[in-house]
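Each chain, written out:
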Amino acid sequence: MKDSIHTLAPQLQRIDSEPYYQSIADEVTLFEAAAARCLPVLLKGPTGCGKTRFVEHMAWRLKRPLVTVACHDDLTTADLVGRYLIVGNETVWVDGPLTAAVRAGAICYLDELVEARKDTIVVIHPLADARRVLAVDKRGEMVAAPASFMLVVSYNPGYQSVLKEIKPSTRQRFVALDFDYPEAAVEAGIVAREGGVDTEMAKRLVKLGELTRNLKGAGLDEGASTRLLIHAAQLIAAGIAPAAACTAAVARALCDDADMTDTLDDLVRAVF
Amino acid sequence: MTSSGQFSSSSARRLFAAELESQLNAILFASPSHRSAAGIAAELEALPRSQQEKLLAWAATAAQTDAEIGHLMVTLAPLAFARFDAAGFDAWALAGLDAYDHDGAEAAKVLLGDLESFGTRFDGGKSFVRFADIEPRLSRFLQGLSGRPLSLGISSKTGAWTDSETIFLPPQLEGFADTAAGKEKYQVLAVMLWAQTFFGTFGSANIDLAAALQPWTETPEQQRAVDWLAALEAVRLEARISLDLPGLGRRIAAVRGQWPTSLENWVQRLERPAATLADSLAALTECMSGNLAAPQLPHAVLLDPAAALKIRAARMERDQVVLKRAINALKGSSGRSGQRDPNMVPLAAVGAEAAPGALDESAILPPEAQAAALSLQQDLGELPPEFQVPAGTGAWRPTRQDATGECSTSSNEPDRRYDEWDYRRKAYRRGWCHLFEADVPAGAAGYVEDVRQRYAALIRQLRRRFELLRGEDRLLGRQPEGDEIDVDAMVDALADRRSGAEPSTRVFRRRIRNQRSLAAMFMVDMSGSTKGWVNDAEREALVMLCESLESLGDAYAIYGFSGWTRTRCDIYRVKRFDERYDQDVCARIAGIEAKDYTRMGVAIRHLTQLLLHQPARHRLLVTLSDGRPDDYGDEYRGHYGVEDTRRALQEAREQGVRSYCITIDRHGADYLGHMYGAARYTVLDDVKKLPLKITDIYRRLAS
Ligand SMILES: Nc1ncnc2c1ncn2[C@@H]1O[C@H](COP(=O)(O)OP(=O)(O)O)[C@@H](O)[C@H]1O
Ligand SMILES: [Mg+2]
């Protein structure tokens, strides 16, 4: 019984070795300043452009534990804050990841915040302004956040659903950092290092990425992310022929539409 | 032995004459001819079963269009099978039906009857590729390469060329081993032309191409110089392409083959990554000092510096042209009456009683001249006196004064007036657009039912998919956590514990609230340009949409828009929010037709207002149009309309309405990104995709 409670307890991740993060602009300095001033941070940008990696890197830099929550549409307030469980004859309170992060003075990263239910998002409001408290209603407790607690959320503005937009009352509590795919040479460096291919191959992959991003709005919702390019690189490093690797990891991963798939194949063939 | 066993064991045997006859009689039953199938059936008996089946299938298809054609096909079949293989027979039958669709029964009979001439064409047909076959895919490919839409067009010269805005390709290419090779050649030609525009063949800030070609311009050497430059640039551009796109480079090289000896000297020099047009021009001077003719390359494209430079100049002069046209319009209307530019005649008048201008405040000039005068005077920095009221507080209201009250009859009074954004003055024109709302007149009764039947399988599939999106209020029992105790679970748990078993900890009930609170407005282009395909696709798309949305339960409405000048902006009701998807709505969907012009801003503003009255938490506006905003007269077309539409979408967004814009435009267009600024959008190059696409888009927007 006790064991099952512990597996439900949030994981406080301690990051001891430096996660590789290639800084693009002044985001590291800005984040550090926000952390020093106890300001919450919003990371805006398309999927797979390094937001999660950046947070991991900053947690390491600031030497704070990290709690990551991937938001989804069944995520309830209790999932974040905590709940009573009945164990044998008694009820036992178990902190949710957000409460645990507040108590531990950790960085709490809510990935893809808009995916969460609207009524869930509201619980972060008092944590994200000058009050810096978390209301644990079920226990009648107000948990004050220590100075080292930091709230970080991410948001993909390219997301299309009207049901999933971040409300102004939420977003205006955050310092917003814009993320995007880095310029070609920098992105190639990242792809080479993370994907295990040489610079020449990485450059070609990034070129393909650019070509697919050109199709955004003209048939594609989003072009290939750095993550997809890294996937292709990893397949190549594992011995798959480049064109086949890109077809599988990039072209097929981007869309199902038959015409668009043809076009993506054409682009792959142009690059390799 | 069962009868089905009998059938399958003998399915490869030939059909006997009697069997053929009865099938043919059934297929050709409606034929006005009284010829008997008996004679032909006897002839067909000798054919193998596969050919008999093929023929019966084609005859049935043909007979649905015209029994005579079906009959003819059957009669000619033995000859046709003797002349063609299976694929050839299919092509022959299909060509016959195509001819019927395009040119009627006589043409079809001629085509089918002349087996020999079809045969010759068919045998050669394997090796040619037509522009239409490659255009959509090639156009997307170029969009990928360049990140901006480049138009594709058919070249009227003998060769491929570009004017730097459009790539002109031959109507067809022939003489290939297979169609793949033909498509490859098209792609290579298009890429070479794209490269001309992308890698600076027509000059740059530092290199003036016209000046560089000056020594040979209007001399007998002119053509030789241009041809040489084209060849030299082919070397440079190929190397430049290979640098970024090695795969493409290899394929160009394969089509190109060996460099001709006359170019070999230059290859090394022009293949350097740093080579520019300047290097090609230097080489050109040397080539021209000799008297060799320019080499003919297999993937040669024409170079037309004059055309490209002209287009560029044209771009710079565009504003002046607009100004001149405005002056002409002003002169024309203040002179004799009844003289109108024939190009400006409206596509269809919306009821004679609503002549534009009749409602107009100043009612002196016809609307097109008025628009032109305004445009002109504003460009000159002076505003007509009646508009010299500062915009902003709604101080200016259109009044009837100038028209001495004679127009303020109720039938001409607009239902609403809307402001319009004038980008030149960076302010609104107050109450500028007169909006009228009316029902779409009922169309053909069986239309929607027809579409439903045609797409029955698809509709079932869509309904299932949309049902999955539906979020209902659910009460979940036996949860580890929740707002209430689940009594059943609690009793079980207590009982378990009494009996010494491990009790479950899932003893709560939790309510999942319905998250869907979405109202969607669909705004459908009913302008004249949608006539034909686009209109058909729109109506089919709406049927799909209604069928899908009905199973989802979101509130939705459908309105069409069109109009004819700012004093006649029409909004057509197809389905109101509070209306059910019933017979009346179906009849109105059927009745949607192409009307006049596309003044988009006012339509967006009005439908946004309707949306705002919906109690939903989320509001979505989906617009469907087939090109640039446009209206009668010069004013709305062009930049003004784009800016007003952009503004209207921004206003919608500020009021909490999210917009998604679907544009049907085969050629893509570079103004869209700007115009749709605040909204998300997509461009469809193929109108036939609309019915599927629109439901798909909605599903993504609303999940
Ligand atoms: N600036 C960067 N520095 C290092 N790695 C990066 C960077 N940007 C992207 N990556 C790589 O891309 C992958 C996807 O990034 P991730 O942080 O998961 O994206 P996001 O959270 O934005 O969706 C990472 O695993 C990492 O390998
Ligand atoms: Mg992530």
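Residues numbered from 1 in each chain as written. Chains lettered and ligands numbered in written order. Predicted model: local features only at pLDDT ≥ 70, side-chain atom pairs only at ≥ 80, totals over all residues. Heavy atoms only, no water.

(A) A look at the overall build of chain A. If you tally the helices and strands in chain A, you get 12 helices and 9 strands. For chain A, the proportion of contacts with a sequence separation of at least 24, taken over those separated by at least 6, is 73%. As displayed, chain A has an accessible area near 11500 Å², and 51% of this comes from carbon and sulfur atoms. (Helix = DSSP H or I, 4+ residues; strand = E, 2+ residues; numbered from the N terminus. Contact = heavy atoms within 4.5 Å. Areas by Shrake-Rupley, 256 points an atom, 1.4 Å probe, with all protein chains shown as cover.)

(B) Examining the packing of helix α4 (residues 49-65) of chain B against helix α6 (residues 86-103) of chain B more closely. Residue and element names in this part refer to chain B. Where α4 contacts α6, the two axes come as close as 11 Å, and the packing angle between them is 5 degrees. Judged by the inter-axis angle, α4 sits roughly parallel to α6. Counting all contacts with α4, which are made through Lys54, Leu55, Trp58, Thr61, Ala62 and Thr65, the residues of α6 involved are Ala86, Phe89, Asp90, Ala93, Leu94, Leu97, Tyr100 and Asp101. Its residues assigned to classes, the contact of α4 with α6 comprises 9 nonpolar, 2 polar and 3 charged. (Axes fitted to C-alpha atoms, helices over the stretch in contact; angles between N-to-C directions. Parallel < 35°, antiparallel > 145°, perpendicular 65-115°, else oblique. Nonpolar A, V, L, I, M, F, W, Y, C, P; charged D, E, K, R; others polar.)

(C) Focus on the environment of Leu20(B). Residues and elements named next belong to chain B. Structurally, Leu20 can be placed in helix α2 (residues 17-27). A sequence separation of 24 residues divides Leu20 from Leu44, and the C-alpha atoms of the two residues are 7.8 Å apart. Not counting the four nearest positions on each side in its chain, Leu20 is found in contact with Leu15, Ala41, Leu44, Glu45, Gln52 and Leu56.

(D) Region of the structure containing the pattern of salt bridges. Applying the stated criterion to the full structure yields 48 salt bridges over all chains. When the shortest N-O distance is used, the salt bridge between Arg103(A) and Glu141(A) registers 3.1 Å. Placement of the pair is Arg103(A) in helix α5 (residues 97-104) and Glu141(A) in strand β7 (residues 141-144), with a sequence separation of 38 residues. Judged by relative accessible area, Glu141(A) falls into the partly exposed class, the value being 24%. The residue Asp304(B) makes a salt bridge to Lys157(B) at a minimum N-O spacing of 2.3 Å. Taken together, the residues Asp304(B) in the loop between α15 (277-289) and α16 (305-334) and Lys157(B) in the loop between β2 (151-154) and β3 (161-162) connect sequence positions 147 residues apart. Salt bridges sharing partners connect three or more residues here, namely Asp95(A), Arg103(A), Arg139(A) and Glu141(A). (Salt bridge = Lys/Arg side-chain N within 4 Å of Asp/Glu carboxyl O. Buried < 20%, exposed > 50% of the residue type's maximum accessible area, 1.4 Å probe, protein only.)

(E) Quick look at the sheet that holds strand β2 (residues 66-70) of chain A. All names here are of chain A. Across the sheet, 5 strands lie side by side as β2-β5-β8-β1-β9; this open sheet has parallel pairing. This sheet does not close on itself; its edge strands, each paired only once, are β2 and β9 (175-178). Between one strand axis and the next, the sheet turns through 20 degrees on average, direction left out of account. Across 4 bridges, the pairing between strand β1 (residues 41-44) and strand β8 (residues 150-155) is parallel. Opposite Leu42, over in β8, you have Val153 as the bridge partner. Most of the contacts of helix α2 (residues 27-36) go to β8, to which it runs at about 140 degrees, and overall it touches β1, β5 (107-111), β8 and β9. Helix-sheet contacts for α5 involve β2, β5 and β8, and the interaxial angle to β2 is about 160 degrees. (Pairing = 2+ DSSP bridges.)

(F) Up close: helix α3 (residues 51-62) of chain A. Residues and elements named next belong to chain A. With 12 residues, α3 extends 16 Å from end C-alpha to end C-alpha; this agrees with the ideal 16 Å at 1.5 Å per step. Within the sequence span of α3, burial applies to Lys51, Phe54, Val55, His57, Met58 and Ala59. Those residues of α3 hidden inside the fold are in contact with α2, β1, β2, β5, β8 and β9. Two residues or fewer after α3 comes Lys63, characterised by a positive phi angle close to 55 degrees. (Expected span 1.5 Å × (residues − 1).)

(G) Main features of the environment of Val122(A). All names here are of chain A. As for its placement among the helices and strands, Val122 is situated in the loop between α6 (118-121) and β6 (133-136). Since its relative accessible area comes to 41%, Val122 is described here as partly exposed. Linking Val122 and Ser169, residues 47 residues apart in sequence, is a C-alpha distance of 9.5 Å.

(H) Structural detail: the site of ligand 1. Residues and elements named next belong to chain A. Neighbouring ligand 1 are 16 residues; Gly48, Lys51, Thr52, Glu194 and Arg227 lie closest to it. With respect to ligand 1, the backbone of Gly48 contributes an N or O atom lying 2.6 Å from an oxygen atom. Interatomic distance of 2.9 Å between a side-chain N/O atom of Lys51 and an oxygen atom of ligand 1. Expressed as a share of its isolated accessible area of 570 Å², the protein-covered part of ligand 1 is 90%. (Near = heavy atom within 4 Å. Polar contact = N/O pair within 3.5 Å; in protein donor to acceptor, adjacent residues only side chain to side chain.)

(I) Here's a closer look at unusual backbone geometry. The phi torsion at Glu218(B) lies on the positive side, around 55 degrees, for a residue other than glycine. For Glu218(B), the position within the fold is in the loop between α11 (209-213) and α12 (222-244).

(J) Seen up close, the sheet that holds strand β16 (residues 680-684) of chain B. Residue and element names in this part refer to chain B. Strand order in the open sheet made by the 8 strands is β6-β7-β13-β12-β11-β14-β15-β16, with mixed pairing throughout. Where the open sheet ends on each side, the last strands, each with one partner, are β6 (416-422) and β16. For this sheet, the mean angle separating the axes of adjacent strands, direction not counted, is 25 degrees. As judged from the 7 bridges shared by strand β11 (residues 518-525) and strand β14 (residues 618-625), these two strands associate in the parallel manner. In the sheet register, Ala519 faces β14, and the bridge partner there is Arg619. Sheet strands in contact with helix α23 (residues 600-612) are β6, β7 (427-439), β11, β12 (555-563), β13 (569-575), β14 and β15 (657-664), and its direction is about 155 degrees off that of β14.

(K) The arrangement of the interface of chain B and chain A in detail. The interface is formed by 46 residues belonging to chain B together with 44 residues belonging to chain A. For the pairing of chain B and chain A, the buried interface totals around 4000 Å² over both sides, and the portion due to carbon and sulfur atoms is 48%. Of all residues in chain B, the largest losses of buried area upon contact with chain A belong to Arg140(B), Glu481(B) and Arg680(B), amounting jointly to 15% of the total for that side. Inspection of the chain B/chain A interface yields 4 salt bridges. Put simply, Asp259(A) and Lys689(B) hold a salt bridge, and the shortest N to O gap is 2.8 Å. At the boundary of chain B and chain A, one finds 11 residue pairs in polar contact (both at pLDDT 80 or more). Elements with a contribution of two residues or more to the side of chain B that touches chain A: α9 (131-146), α10 (179-198), α13 (246-256), β10 (508-512), β14, β15, β16 and α26 (690-701) of chain B. When residues in the side of chain B that touches chain A are grouped by element, the largest group, 7 residues, is from α9(B). (Buried area = accessible area lost by both parts, 1.4 Å probe.)

(L) Examining the packing of α2(B) against helix α3 (residues 37-44) of chain B more closely. Residues and elements named next belong to chain B. As a packed pair, α2 and α3 sit with axes 8 Å apart at the nearest point and diverge in direction by 130 degrees. By the criterion of interaxial angle, the relationship of α2 to α3 is oblique. α3 is crossed by α2, and the crossing has right-handed handedness. Side by side, α2 and α3 meet where Ala17, Leu20, Glu21, Leu24 and Asn25 of the first sit next to Ala37, Ala38, Ala41, Ala42 and Leu44 of the second. (Left-handed = near helix turned anticlockwise from the far one by under 90°.)

(M) The side chain of Asp422(B), seen in detail. The residue Asp422(B) is located in strand β6 in this model. Looking at Asp422(B), its side chain comes within polar contact range of the side chain of Arg429(B), at 3.5 Å.

(N) Examining the confidence of the model for chain A more closely. Residues and elements named next belong to chain A. Of all residues in chain A, 95% have pLDDT values of 70 or greater, and the mean over the chain is 89. The spread of mean pLDDT over the elements of chain A runs between helix α1 (residues 2-8), the lowest at 39, and helix α10 (residues 226-237), the highest at 97. With pLDDT under 50 throughout, residues 1-9 is counted as low confidence; its partners more than four residues away or in other chains account for 9 contacts. (pLDDT = per-residue confidence, 0-100.)

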